[in-house]
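Given next are the chains, with one letter for each unit.
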Amino acid sequence: MTAIADAVSEGMVQDYQRDGVVLVKGLFRDWVDLLRAGVEKNMASPSPQLMATLKPGEKGRFFDDYCNWTRIPEFEQAIRGSDVAGVAAALMGSSRVQLFHDHVLVKEPGTNKPTPWHTDGPYYFVEGRQTVSFWVPLDPVKEASLRCVAGSHLWPKDVLPTRWMAETNFYPGDHDYMPVPDPEAEGMEIREWEMEPGDAVAFHYRTLHGTRGNTTTARRRAFSLRLVGDDARYVDRPGPTSPPFAGHGMEAGQRLREDWFPYLV
C-alpha cells in the first residue's frame, strides 16, 4: 500500500462506514492530465453505452459514458497506477478489490440540468456491504460538486431506480423500493465539498447522491470508478441492469467473473 493509501486514517474509515461517503484529497492528483486525455478520447469516440441525458430544449451538453477502461489505455493506466485500490480496500475493510466499471461525466458550461438524486446500487447486478465508488473531478469544482446524503447507505430499503429521461421506473412491475426523497426539503444531512482536480469523493453504492447543474463558464469533467470487495456477489434483477454486460453468464450468489472484472488487489 503506497503513501496515500497509508494515509487513510482510522477516522476516515469510521466516517465511511457511518456516513457512506468521505473525501480523499489528492487521490488522483498525479493522474489528472492522463485522465483528461482519456476523457477527450472517450468524447471523440463514445461507446455504445453513451447515454442521452438532456431532453430537447434543455441547455448545454451532458456527456455520460461508461465501461471504457479496456479500450482507453489512459483509464487503465490511472486505475492500476494510482493508489485507488489500496484506498478502496481500507475504506471497505476488504482484503481484495475488484474493478466493476469506469464512468465519465462531463457537464459543459451552461448545462443547467442537475443530476437527479439516486443511488447506484439498484441499477447494478451486484450486491454487498463492501462497495465503493470514486468521483474524481478533473476541473476545480464548487457549485457543481457531488452531493451525498450522509447515512443513506444504511437505510432499510433501496431507493427506487428510475429512468431519468422518461421519468419512469427502471424495472417493470412493482418492487419493494422506497420513493426517491427530497433531501433538502426533508432536512437530510448533505455532504459536499469544493474540490481540486484529482481529489476524490468515495461513496457507497447505496448512498443517495446527485449534482447541481453546471451554471459556470467552465467545463466540469469527472472520472468515476466503481469497485467492489470480498462480499460482493452477482444478484438477479427484475430487468436489464445498467451497465448491462450482455452475455456475462453469471448466476446469483457468484463472485463477479474476474476475466471481465479483474482484481486490483
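Look a little higher up for the structure.
Bear in mind the structure is a predicted one, so any value in this text is a computation, not a measurement.

What counts, and where the lines are drawn
Residues numbered from 1 in each chain as written. Predicted model: local features only at pLDDT ≥ 70, side-chain atom pairs only at ≥ 80, totals over all residues. Heavy atoms only, no water. Helix = DSSP H or I, 4+ residues; strand = E, 2+ residues; numbered from the N terminus. Rg over C-alpha atoms; globule rule 2.2 N^0.38 Å. Buried < 20%, exposed > 50% of the residue type's maximum accessible area, 1.4 Å probe, protein only. Contact = heavy atoms within 4.5 Å. Areas by Shrake-Rupley, 256 points an atom, 1.4 Å probe, with all protein chains shown as cover. Lys, Arg positive; Asp, Glu negative; His and termini not counted. Charge placed at Lys NZ, Arg CZ, Asp CG, Glu CD. Polar contact = N/O pair within 3.5 Å; in protein donor to acceptor, adjacent residues only side chain to side chain. Core = buried A, V, L, I, M, F, W, Y, C linked by side-chain atoms within 4.5 Å. Salt bridge = Lys/Arg side-chain N within 4 Å of Asp/Glu carboxyl O. Pairing = 2+ DSSP bridges. Axes fitted to C-alpha atoms, helices over the stretch in contact; angles between N-to-C directions.

Chemist: Help me understand the overall build of the protein chain in this model?
Modeler: Counting its secondary structure elements, the protein chain contains five helices and 14 strands. Taken against the 2.2 N^0.38 rule, which gives 18 Å for 265 residues, the C-alpha radius of gyration of the protein chain at 17 Å falls within 12% of a compact globule. Taken over the C-alpha atoms alone, the protein chain extends approximately 45 × 45 × 40 Å along its principal axes. For the protein chain, buried positions account for 54% of its 265 residues. The contacts of the protein chain with a sequence gap of at least 6 include a subset with a gap of at least 24, amounting to 82%. As presented, the protein chain carries roughly 11500 Å² of accessible surface, and 51% of it is formed by carbon and sulfur atoms. For the protein chain, the centre of its 29 positive side-chain charges and the centre of its 37 negative side-chain charges are spaced 3 Å apart.

Chemist: It is not clear to me how the side chain of serine 47 should be interpreted in this structure. Could you clarify?
Modeler: In this fold, serine 47 is placed in the loop between helix H3 (32–44) and strand S2 (62–66). Reaching out from serine 47, the side chain makes a polar contact with the backbone nitrogen of glutamine 49 at a distance of 2.9 Å. Sequence-distant contacts of serine 47, that is, excluding residues within four places in its chain, are made with Asn42, Asp65, Tyr66, Asn68 and Arg71.

Chemist: I would appreciate a short explanation of the nonpolar core in the present structure.
Modeler: The nonpolar side chains of soluble globular proteins are, as a tendency, buried together. Grouped together as the largest cluster of nonpolar side chains are 38 residues, with contacts concentrated most on Leu27, Phe75, Leu91, Val132, Phe134, Ala202 and Leu227. In terms of residue count, the dominant contributor to this core is helix H5 (residues 84–92) (seven residues). Grouped together as the second largest cluster of nonpolar side chains are 18 residues, Cys67, Phe125, Phe170 and Leu256 included.

Chemist: Which parts of the structure should I look at to understand H5?
Modeler: For the α-helix, the turn length of 3.6 residues means that residues three or four positions removed from each other point alike. With eight of nine residues buried, H5 is to be regarded as a mostly interior element. Here H5 has its buried residues at Val84, Ala85, Gly86, Val87, Ala88, Ala89, Leu91 and Met92. Downstream of H5 by a residue or two, glycine 93 has a phi angle that is positive, lying close to 70°.

Chemist: Help me out: how do you make sense of the pattern of salt bridges in this one?
Modeler: Charged atoms that come close allow side chains of opposite charge to pair. Tallied over the full model, the rule gives 21 salt bridges. Across the salt bridge formed by arginine 226 and aspartate 120, the nearest N and O atoms sit 3.6 Å from each other. Here the residue arginine 226 occupies a position in strand S13 (residues 220–228), and aspartate 120 occupies one in the loop between strand S4 (115–118) and strand S5 (126–127), the gap between them amounting to 106 residues. Across the pair, aspartate 120 and arginine 226 agree in class, each one buried. Note that glutamate 192 is salt-bridged to arginine 147, the shortest N-O span being 3.2 Å. One end of the pair, glutamate 192, is in the loop between strand S10 (190–191) and strand S11 (200–203); the other, arginine 147, is in strand S7 (residues 146–149), and 45 residues separate them in sequence. Each of Asp15, Arg18, Asp19, Glu189 and Arg191 takes part in salt bridges that share partners, so that together they form one network.

Chemist: Help me understand the side chain of threonine 207, please; the structure alone is not making it clear to me.
Modeler: You can see threonine 207 is positioned in the loop between S11 and strand S12 (209–211). The class for threonine 207 is buried, based on a relative accessible area of 0%. One polar contact links the side chain of threonine 207 to the main-chain carbonyl oxygen of glycine 20, over a distance of 2.9 Å. Residues within four places of threonine 207 in sequence aside, it is in contact with Gly20, His118, Thr119, Cys148, Val149, Ser152 and His153.

Chemist: Honestly, the sheet that holds S12 in this entry has me stumped. Any pointers?
Modeler: Hydrogen bonding along the main chain pairs the strands of a sheet, whether they run parallel or antiparallel. Judged by pairing direction, the sheet is antiparallel, and its four strands sit side by side in the order S4-S12-S7-S10 without closing on themselves. Edge positions in the sheet fall to S4 and S10, since each has one partner strand and no second. Note that S7 and S12 share three bridges and pair antiparallel. Residue pairing for S12: leucine 146 is matched across the bridge by threonine 211.

Chemist: Honestly, the sheet that holds S13 in this entry has me stumped. Any pointers?
Modeler: Strand order in the open sheet formed by six strands is S1-S11-S6-S13-S3-S2, and the pairing between neighbours is antiparallel. Each having just a single partner strand, strand S1 (21–24) and S2 make up the two edges of the open sheet. Averaged over all adjacent pairs, the angle separating strand axes in this sheet is 20°, with direction ignored. Its contacts with the sheet place H5 against S1, strand S6 (131–137), S11 and S13, and it is angled at close to 135° to S6.

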